[in-house]
Amino acid sequence: MPRKAANSKVGLLMSLGSSAIAVVRTVKQLRRARGTQDKLTAADTLAGLLPLVTSALLVFRRLRRRSPRSSG
């Protein structure tokens with residue numbers, strides 16, 4: 001069975017969507033931790049949020065490079 005390219009547009013969009021969902025979930029967890037005044041959990045959640053945001057931005061950059069640029 002042939003494999004699709006790892007950088008297919010659909011694959012990149014799915015990756016971006018899953019990263020966005022993970023970021024939203026982590027932000028909710030951060031708000032919950034801040035509401036309970038748990039600084040350690042808040043710091044841990046914030047540290048976990050940074051790689052999610054970075055990966056989402058990397059996927060977004062790949063998508064932008066793949067899209068045709070319109071001149072005009």
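Treat the numbers as computed from the prediction; the structure is a model and nothing was measured.

S.K.: Can you help me understand the overall build of the chain in this one?
M.R.: Regarding its fold elements, the chain presents two helices and zero strands. Burial status across the chain gives 18% buried among its 72 residues. Accessible surface, the chain as shown: approximately 6200 Å² in total, 60% of it carbon and sulfur.

S.K.: How should I be thinking about the packing of helix H1 (residues 9–35) against helix H2 (residues 39–66) in this particular structure?
M.R.: How two helices pack is summed up by the angle between their axes together with the distance between the axes. Where H1 contacts H2, the two axes come as close as 9 Å, and the packing angle between them is 160°. In terms of their interaxial angle, H1 and H2 are classed as roughly antiparallel. Here the hand of the crossing between H1 and H2 comes out left-handed. Its residues placed into classes, the contact of H1 with H2 shows 17 nonpolar, seven polar and four charged.

S.K.: Is there a simple way to explain H1 in this structure?
M.R.: Each α-helix winds once per 3.6 residues, and so residues spaced three or four apart point in a common direction. Taking 1.5 Å per residue, 27 residues should reach 39 Å; H1 reaches 39 Å between its end C-alpha atoms and fits that length. All of the buried residues along H1 are Leu 12, Ser 19, Ala 22, Val 23, Thr 26, Leu 30 and Ala 33. For H1, the secondary structure elements touched by its buried residues are H2.

S.K.: Please clarify how the environment of Ala 43 should be interpreted in this entry.
M.R.: One can find Ala 43 in helix H2. Assessed through its relative accessible area of 45%, Ala 43 is described here as partly exposed. Linking Ala 43 and Ala 33, residues 10 residues apart in sequence, is a C-alpha distance of 9.0 Å.

S.K.: Hey, could you run me through a positive patch on the surface in this one?
M.R.: Together, Lys 28, Arg 31, Arg 32 and Arg 34 make up a region of like positive charge exposed at the surface. Position of Arg 34 relative to the elements: it lies in helix H1.

S.K.: Before we go on, may I ask you to explain H2 in this structure?
M.R.: For H2, which comprises 28 residues, the first-to-last C-alpha distance of 41 Å matches the rise-based estimate of 40 Å (1.5 Å per residue) to within 8%. By the burial criterion, the buried members of H2 are Ala 42, Thr 45, Leu 49, Ala 56, Val 59 and Leu 63. As for H2, its buried residues are in contact with H1.

Reading the values: the criteria
- Residues numbered from 1 in each chain as written.
- Predicted model: local features only at pLDDT ≥ 70, side-chain atom pairs only at ≥ 80, totals over all residues.
- Heavy atoms only, no water.
- Helix = DSSP H or I, 4+ residues; strand = E, 2+ residues; numbered from the N terminus.
- Buried < 20%, exposed > 50% of the residue type's maximum accessible area, 1.4 Å probe, protein only.
- Areas by Shrake-Rupley, 256 points an atom, 1.4 Å probe, with all protein chains shown as cover.
- Axes fitted to C-alpha atoms, helices over the stretch in contact; angles between N-to-C directions.
- Parallel < 35°, antiparallel > 145°, perpendicular 65-115°, else oblique.
- Left-handed = near helix turned anticlockwise from the far one by under 90°.
- Nonpolar A, V, L, I, M, F, W, Y, C, P; charged D, E, K, R; others polar.
- Expected span 1.5 Å × (residues − 1).
- Contact = heavy atoms within 4.5 Å.
- Patch = residues over 30% accessible without salt bridge, like charges linked within 9 Å, V, L, I, M, F, W, Y side chains within 5 Å.
- Salt bridge = Lys/Arg side-chain N within 4 Å of Asp/Glu carboxyl O.
- Lys, Arg positive; Asp, Glu negative; His and termini not counted.
- Charge placed at Lys NZ, Arg CZ, Asp CG, Glu CD.

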